[in-house]
Amino acid sequence: MDESEIIREIAYDLFRDNQFPQKIYDYVIDNYLPQSEQEWEKFGLTISEYIAIYSDYFMVKEPVTDHESIMRNLCDSVPTYVGYICENIFDVYGKSINVVAAKNFKEAASLMFQEDQFPQPIYDAINQHYKPENKGQWQWIENTLTNYIYRYLGSFIDPNYAEEQIDNVYLAKQHLKVTLRLHTADLCDKVYDTCILSK
């Protein structure tokens, strides 16, 4: 097992054993009302996957060499990231959005970000406020922006279209080519807010 798999497993065990801050469990209950152990399991898996992907932010104390040190890191760092964890739950299970359209927009936004097809001021804001030094840091910013677009999907769709009409990534891309320009300031603000919070 590599380190991320171990982190994922320990994070899941902590979630299952109610070792995470109560606000996370309250958020799940208030918004999704899980009715069974299987339903709770999917939230635990989602959270532990998020922690494994962003382990650089959760494994802040050296050395991270064994089960006990990973557990200590998580118990110390998870309370700091409650807001991000709850946002991630929303991004994965958000209600009141058309899931097919939202996934198409998220994929299209991710492709466009990687291909430098976002408005230039967004990349300028990233370089000014965050100065990503490696692929993982660029990925974090990309996830932040694509999750924002996913969450505020309605703002990125031409009002002449219904959400259910956005049934493929190509169409989502055509919308984004127009609407990203309209939301450049919002996305730059999101970059700024995220970078300030990460410091």
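Residues numbered from 1 in each chain as written. Predicted model: local features only at pLDDT ≥ 70, side-chain atom pairs only at ≥ 80, totals over all residues. Heavy atoms only, no water.

A. Representation of helix α5 (residues 67–77) within the structure. Those residues of α5 that sit buried are Ser-69, Ile-70, Asn-73, Leu-74 and Ser-77. What you see down the axis of α5 is that its buried residues fit within an arc of 135°, all on one side. Against the buried residues of α5 lie α1 (3–16), α3 (37–53) and α4 (55–58). N-capping of α5 is provided by Asp-66, with a side-chain oxygen placed 3.2 Å from the backbone N of Glu-68. (Buried < 20%, exposed > 50% of the residue type's maximum accessible area, 1.4 Å probe, protein only. Helix = DSSP H or I, 4+ residues; strand = E, 2+ residues; numbered from the N terminus. Arc of directions from axis to C-beta. Contact = heavy atoms within 4.5 Å. Polar contact = N/O pair within 3.5 Å; in protein donor to acceptor, adjacent residues only side chain to side chain.)

B. Examining the packing of aromatic side chains more closely. Evaluation of the coordinates by the stated rule reveals 15 aromatic pairs. One aromatic cluster in this structure is built from Tyr-50, Tyr-54, Phe-58, Tyr-81 and Tyr-84. (Phe/Tyr/Trp six-rings, centres within 6.5 Å; stacked < 30°, edge-to-face > 60°.)

C. Spatial organisation of the pattern of salt bridges. For the structure shown, the criterion picks out five salt bridges. Note that Glu-49 and Arg-8 form a salt bridge whose closest N and O atoms lie 2.7 Å from each other. Remark: Arg-8 occurs in helix α1 and Glu-49 occurs in helix α3; sequence separation between them is 41 residues. Assessed through its relative accessible area of 31%, Glu-49 is described here as partly exposed. Under the relative-accessibility criterion, Arg-8 is labelled partly exposed at 25%. With a closest N to O distance of 3.7 Å, Asp-17 and Arg-16 form a salt bridge. With a relative accessible area of 43%, Asp-17 lands in the partly exposed category. One salt-bridge network, held together by shared partners, links Asp-13, Arg-16 and Asp-17. (Salt bridge = Lys/Arg side-chain N within 4 Å of Asp/Glu carboxyl O.)

D. Broad picture of unusual backbone geometry. One non-glycine residue, Asp-116, adopts positive backbone phi at about 55°. According to the relative accessible area criterion, Asp-116 is exposed, its value standing at 57%. Even without being glycine, Lys-131 reaches a positive phi, approximately 50°. Position of Lys-131 among the secondary structure elements: in the loop between α8 (120–129) and α9 (135–151).

E. The arrangement of the packing of helix α2 (residues 22–32) against α3 in detail. Where α2 meets α3, the axes come as close as 12 Å, and the angle between the chain directions of the two elements is 130°. By the angle between their directions, the pair α2 and α3 is classed as oblique. Judged by the sense of rotation from one axis to the other, the crossing of α2 with α3 is right-handed. Here Ile-24, Tyr-25, Val-28, Ile-29 and Tyr-32 of α2 come into contact with α3, specifically with Trp-40, Phe-43 and Ile-47. (Axes fitted to C-alpha atoms, helices over the stretch in contact; angles between N-to-C directions. Parallel < 35°, antiparallel > 145°, perpendicular 65-115°, else oblique. Left-handed = near helix turned anticlockwise from the far one by under 90°.)

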